[in-house]
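# Results of the structural survey
So you can see what is in the structure, the chains are spelled out below.
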Amino acid sequence: MPAVRIRRRRAVALASAAVLAGLAVPTLTPATAGASAPAPEAPAAQAHAAVVADYYERAEGKTGDDLRDALNTIVSDQTKLSYSAVWDALKDTDEDPANSGNVVLLYSGVSRSKSLNGGDTGDWNREHVWAKSHGDFGTSTGPGTDIHHLRPADVQVNSVRGNKDFDNGGSAVANGGGSLTDSDSFEPRDAVKGDVARMIFYMAVRYEGTDGWPDLEPNGSVNNGSAPYIGKLDVLKAWNEQDPPDAFEQRRNDVIHESYQHNRNPFIDHPEWVEAIW
């Protein structure tokens, strides 16, 4: 393993520990009457920002195809998981912050016991946000097991989504938390629209057809079938703007980087890079 990666992993671990420690420290305000100065950035936040900046050093100042190529090089340096290992990884990455015994399901927003993973009604399973039939990569180690786009989902809601492309509109999905669907598309609930978009954009820059896997790409269509495309691009871009990364999504990115794949989703750290590339 390259020494650079070891240093980065240790830096992420230290930053994460510092974040947890920093939660107990009260915010200090100026003691002088009438003083108005912004509180200094917490050391933990500064350390985390430094780790993230170091990770993207080769992408700094780039745009368009140059940025995309740089990001592909950066995020392709990853540890790969087996499909069976995905179960335990998701129990960690998608843990309910209010109940450590549960995971939060992507499309419905329901908090469900970690032990209820499986394929029966009432269980949660491993949803491929980039539908695995779009490029026909299945569950093989690689895009089929990349947890940057694998999320816990209710079995029945996941079945409704199937391999549909993403678009606005449709009828309410039963127990779908506000998700909608029609014959050829699926619209997730508002709180995770940006999450879905950024997972799609990650897959597009990570899998460029250069390592034996299909060249994945968002496009402007639905009904993409087994072609390595998912739409609609303009809708996904809008969702990225409407629903910026939240604490849950950011923590998930950190956990994947630190403990599992040791790579990051660039569009969680830099959502503005979506517009810079597409």
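Further up the page is the structure itself.
Predicted, not measured: the structure shown is a model, and the values here were computed from it. (Residues numbered from 1 in each chain as written. Predicted model: local features only at pLDDT ≥ 70, side-chain atom pairs only at ≥ 80, totals over all residues. Heavy atoms only, no water.)

### Thoughts on the nonpolar core
Judged by nonpolar contacts, the single largest core of 41 residues is most densely connected at Leu-71, Tyr-107, Val-129, Phe-166, Phe-201, Phe-267 and Trp-278. For this core, the secondary structure elements donating two or more residues are α2 (43–55), α3 (64–75), α6 (193–206), α7 (233–242) and α10 (273–277). Of all the elements, α6 adds the most residues to this core, at nine residues. The contacts of Phe-201, once residues within four sequence positions are left out, are Pro-218, Leu-233, Leu-236, Lys-237, Phe-267, Val-274 and Trp-278. (Core = buried A, V, L, I, M, F, W, Y, C linked by side-chain atoms within 4.5 Å. Buried < 20%, exposed > 50% of the residue type's maximum accessible area, 1.4 Å probe, protein only. Helix = DSSP H or I, 4+ residues; strand = E, 2+ residues; numbered from the N terminus. Contact = heavy atoms within 4.5 Å.)

### Examining empty space enclosed by the protein
Under the defined criterion, the tally for this structure stands at one cavity of 30 Å³ or more. In this structure, the largest cavity encloses a volume near 60 Å³. Looking at the largest cavity, the residues that line it are His-148, Arg-151, Asp-195, Arg-198, Met-199, Glu-249, Arg-252, Asn-253, Ile-256, Asn-265 and Ile-268. Per element, the largest residue contribution to the lining of the largest cavity is four residues, and it comes from helix α8 (residues 247–260). For the lining of the largest cavity, the per-class residue count stands at three nonpolar, three polar and five charged. (1 Å grid on protein atoms, 1.4 Å probe; cavity = no way out; pocket = protein on both sides within 12 Å on 5 of 7 lines; lining within 4 Å. Points joined across faces, edges and corners; volume = space filled by probe spheres on them. Nonpolar A, V, L, I, M, F, W, Y, C, P; charged D, E, K, R; others polar.)

### A look at the packing of aromatic side chains
By the definition in use, this model includes eight aromatic pairs. Note on Phe-267 and Trp-278: the rings are 5.8 Å apart at their centroids and 55° apart in plane angle, and the pair reads as tilted. Here Trp-278 lies in the segment after α10 and Phe-267 lies in helix α9 (residues 266–269), a separation of 11 residues in the sequence. In this structure an aromatic cluster arises from ring pairing among Tyr-55, Tyr-56 and Trp-273. When the ring centre of Trp-239 is taken as origin, the NZ or CZ atom of Lys-193, which lies over that ring, is 5.7 Å away. (Phe/Tyr/Trp six-rings, centres within 6.5 Å; stacked < 30°, edge-to-face > 60°. Lys NZ or Arg CZ within 6 Å of the ring centre and 35° of its normal.)

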